[in-house]
Amino acid sequence: FGILLTSIGFGLFAYLTVEICRRSRAFCFPALAESIMPRTAAIFMRIVLDLFMATILAAMICAFAHTAEFIFGAPPRLAAAGFSILCLLILYLPEEAIINQTSALGIFIVVFICAMCIYMINNRCTDVFSPLSRSIFSSVSYTSYNAASACPLLCSAAAAVKTRRQSSYIGIISGMLSFFALFLIWALISVYYGKIPLGELPMLTLAARQGFLFCMLYAAVMTASVFTTAAASAFGLLNSGFIKFAPKKLRPVIVISAGYFISSVGFS
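If you're wondering where the values come from, they're calculated on a predicted model, not measured in any experiment.

Asks: Would you mind showing me how to read empty space enclosed by the protein here?
Replies: Empty space among the atoms can be located by rolling a probe the size of a water molecule over them. Enumeration according to the criterion identifies two cavities of 30 Å³ or more in this entry. Approximately 100 Å³ is the volume found for the largest cavity. Lining the largest cavity are 16 residues, with Phe29, Pro30, Gly236, Asn239 and Ser240 sitting closest to its centre. Secondary-structure elements contributing two or more residues to the lining of the largest cavity are helix H2 (29-36), helix H3 (39-72), helix H6 (132-157) and helix H9 (212-238). Considering each element in turn, the lining of the largest cavity owes the most residues, four residues, to H3. Classifying every residue of the lining of the largest cavity by side-chain character gives nine nonpolar, five polar and two charged. A volume near 30 Å³ is recorded for the second largest cavity. Every residue lining the second largest cavity is listed: Ile90, Ile98, Gln101, Thr102, Phe227 and Ala231.

Asks: Is there a simple way to think about the side chain of Thr67 in this case?
Replies: Checked against the element boundaries, Thr67 lands in helix H3. Taking relative accessible area as the criterion, Thr67 reaches 5% and is therefore assigned buried.

Asks: Help me out: how do you make sense of unusual backbone geometry in this one?
Replies: With the exception of glycine, the majority of residues adopt a negative phi angle, and the majority of peptide bonds are in the trans configuration. At Arg25, a position not held by glycine, the phi torsion is positive, near 60°. For Arg25, the location among the structural elements is in the loop between helix H1 (2-24) and H2. What makes Arg25 exposed here is its relative accessible area of 52%.

Asks: What should I look at first to understand the packing of aromatic side chains in this one?
Replies: Centre-to-centre distance and the angle between the planes together describe a pair of aromatic rings. Here the structure, examined in full by the defined rule, presents seven aromatic pairs. Aromatic pair Phe64 and Phe83: ring centres 4.8 Å apart, planes at 20°, arrangement stacked. Of this pair, Phe64 sits in helix H3 while Phe83 sits in helix H4 (residues 76-91), and the two are 19 residues apart along the sequence. Taking 5.8 Å as the distance between ring centres and 15° as the angle between the ring planes, the aromatic pair formed by Phe179 and Phe183 counts as stacked. With Phe179 and Phe183 both in helix H7 (residues 164-192), this residue pair falls four residues apart, about one helical turn. Residue Phe179 is classed as partly exposed on the basis of its relative accessible area of 28%. The structure contains a cluster of three or more aromatic residues connected by ring pairs, namely Phe179, Phe180, Phe183 and Trp186. For the cation-ring pair, Arg77 lies above Tyr260, with the distance from its terminal atom to the ring centre recorded as 4.5 Å.

Asks: Where do I start with the pattern of salt bridges in this structure?
Replies: Side chains that carry opposite charge are capable of pairing whenever their charged atoms lie near each other. Applying the stated criterion to the full structure yields four salt bridges. Salt-bridge contacts for Arg22 lead to Glu19; the nearest nitrogen and oxygen are separated by 2.7 Å. Here Arg22 and its partner Glu19 are both found in helix H1, three residues apart, which amounts to about one turn of the helix. Taken as a pair, Arg22 and Glu19 share a single burial class, namely buried. A salt bridge links Arg39 to Glu34, with the shortest nitrogen-to-oxygen separation between them at 3.1 Å. We classify Arg39 as exposed; its relative accessible area is 54%. Connected via shared salt-bridge partners are Glu19, Arg22 and Arg23.

Asks: Even after reading the chapter, I still don't get H1, so can you show me in this structure?
Replies: Two residues of an α-helix separated by three or four positions point the same way, owing to the 3.6 residues in each turn. The end-to-end C-alpha distance of H1, which contains 23 residues, comes to 32 Å, matching closely the 33 Å that a straight helix rising 1.5 Å per residue would cover. Downstream of H1 by one or two residues, Arg25 has phi in the positive range, about 60°.

Cut-offs applied
- Throughout, residues of each chain are indexed from 1 in the direction in which the sequence is written.
- In keeping with the model being predicted, local features are shown solely for residues with a pLDDT of at least 70 and side-chain atom pairs are shown and tallied solely at 80 or more, while totals for entire chains, interfaces and linings include all residues.
- Only hydrogens and water are set aside when side-chain values are computed; all heavy atoms of the structure are taken into account.
- In this analysis the probe radius is 1.4 Å and the grid spacing 1 Å, with only protein atoms considered; a cavity is a set of points the probe fits into but cannot get out of, a pocket is an open set with protein on both sides within 12 Å along at least five of seven lines, and lining residues have an atom within 4 Å of a point.
- Grid points are joined across faces, edges and corners, and a volume is the space filled by probe spheres set on the points.
- Helix and strand assignments follow DSSP, with helices taken as H or I runs no shorter than four residues and strands as E runs no shorter than two, numbered in order from the N terminus.
- For this classification, Asp, Glu, Lys and Arg are treated as charged, while Ala, Val, Leu, Ile, Met, Phe, Trp, Tyr, Cys and Pro are nonpolar and the rest, including Gly, are polar.
- Summary of the burial criterion: residues with accessible area below 20% of their type's maximum are buried, those above 50% are exposed, and those between are partly exposed, where the area comes from a 1.4 Å probe applied to protein chains only.
- Put simply, two rings from Phe, Tyr or Trp (the six-membered ring, in Trp's case) pair if the centres are within 6.5 Å, and we call them stacked under 30 degrees between planes, edge-to-face over 60, tilted for the rest.
- Whether a charge lies above a ring is judged from NZ of Lys or CZ of Arg, which has to be within 6 Å of the ring centre and within 35 degrees of the ring normal.
- Salt bridge criterion: a side-chain nitrogen from Lys or Arg within 4 Å of a carboxyl oxygen from Asp or Glu.
- Between the first and last residue of a helix there are one fewer steps than residues, each counted as 1.5 Å, and that sum is the expected span.

Remember that the coordinates give geometry; whether it matters functionally is a separate question.
Below, the structure written as structure tokens:
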């Protein structure tokens, strides 16, 4: 039930964001915020969103560092620095290229994660129940912080949307892809939850049980997922009005440096 709510929530959020941007011709988050709320509230929401995106960027840097340490025994801070440099290079690409690349990778990620989950489930099944209130809270929370990183990209992508029907397609496809991926991940983790130590990245732990090559393949897909989320969050921060004080070419360095610094607190 929580996964269904999450998928509906994310699809609805994607639709509303793109459609409001299309109608108001507001193709960045600051313009979107000011078109739907009073200026004081808009400034407050921009601050909240920037804090969310900085946290998500840092968490993705940590996730990559943890993956590199798990598989190769790489020093976490060195791996985090390498990943941060890759994100930095992406931010110097044109805006359209960032949107196109993260979108294409997104579909690839969902398809591969679903296929790998089906492979790992491998005829196992289990019945798992949780309180309804907890499901609702988890779904709202999960939708919120994922929507935060997607919002700036959705605003920019809305410039290419011409009709309400296209906005609807974006919402429906986003919701459906979210549902399939999350449902399969939930089903798989439910088999092992409470029975074996799953660690900070449960899916990576489960992939490792299938052998080294499968673990490497899953790690590559997960890295792509982590990278797109990090790039989306960094892109949002790059377009924040609060960083306009710095020279344009220096802004990506400030954004990624902030993410790297915050990531030092650890993934959990």
